Amino acid sequence: MREAIGGTWLFQIVIVFILLFTGFLCLSINRSKAFNVKDQIIQTIQSYNGIDLTSEYEDGEEGPLADIISYISSNSYRTTGNVPEPEKVGDDIVEYVCYTRDGRITTSNPVFCIAPIRVDSEGCASGETCFNELPDMTYYRVVVFYQLDLPIFHDLFNFKIVGDTKTLFGGASV
């Protein structure tokens, strides 16, 4: 009887370790995929020197949003998250524009979010050097999501990854 009880405990310990290992593996795969999506979105925005965040994707359209939607669809990235709260950057309040998998602007369960952030070239405090002759400068903050998704328990935790583009001179309107 004693060996039967010991075997049950050993079996339960093995099951727990298998679940922990599976959870770690799922988390690292989802995180890696989210980083690849974030990097591709940033690269696309930089290659087009900005993105128009007032439009939605239409079939057959070309441009940065079409490239991003195409990449997300081809890599089966399906993770959604919560819309990030507006941030205060410098003196400005920055709000995110969030999109679904098919390129529609959404306010719930977005796949990725983008916020344009203006670099203030005119606001010079006393004692600072002013660069009024520079063109409008903007960079974009990109947010994508990943989650701990176990086969039995499904979505346990949601995480977000934030990345910024380089500063773009001129570029698309924000």
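The structure we're discussing is the one just above.
Residues numbered from 1 in each chain as written. Predicted model: local features only at pLDDT ≥ 70, side-chain atom pairs only at ≥ 80, totals over all residues. Heavy atoms only, no water.

Undergrad: If you had to explain the nonpolar core to someone new, which residues and values would you point to?
TA: Membership of the largest hydrophobic core comes to 34 residues, with the highest contact counts inside it found for Ile41, Ile45, Ile51, Tyr77, Phe112, Ile114 and Val144. Mapped by element, the contributors of at least two residues to this core are α1 (2-47), α2 (64-74), β3 (97-99), β5 (112-119) and β6 (137-150). With seven residues, the single largest contributor to this core is β6. (Core = buried A, V, L, I, M, F, W, Y, C linked by side-chain atoms within 4.5 Å. Buried < 20%, exposed > 50% of the residue type's maximum accessible area, 1.4 Å probe, protein only. Helix = DSSP H or I, 4+ residues; strand = E, 2+ residues; numbered from the N terminus.)

Undergrad: Would you mind going over the pattern of salt bridges in detail, with residue names and values included?
TA: Evaluation of the coordinates by the stated rule reveals four salt bridges. Here Lys38 makes a salt bridge to Asp39, at a shortest N to O gap of 3.0 Å. Look at Asp39 and you get partly exposed, because its relative accessible area is 38%. Residue Arg141 pairs with Asp164 through a salt bridge whose shortest N-O separation is 2.8 Å. Of this pair, Arg141 sits in strand β6 while Asp164 is found in strand β7 (residues 154-164), placing the two residues 23 residues apart along the sequence. (Salt bridge = Lys/Arg side-chain N within 4 Å of Asp/Glu carboxyl O.)

Undergrad: A description of the state of the cysteines should follow, citing residues and the corresponding values.
TA: Under the defined criterion, the tally for this structure stands at one disulfide. Paired by a disulfide, Cys98 and Cys113 hold their sulfur atoms 2.1 Å apart. In this structure, the disulfide formed by Cys98 and Cys113 twists by about 105° around the S-S bond and is classed as right-handed. On the criterion of sequence distance, the pair formed by Cys98 in strand β3 and Cys113 in strand β5 is long-range, its members being 15 residues apart. Across this residue pair, the class does not change: Cys98 and Cys113 are buried. (Disulfide = S-S within 2.5 Å.)

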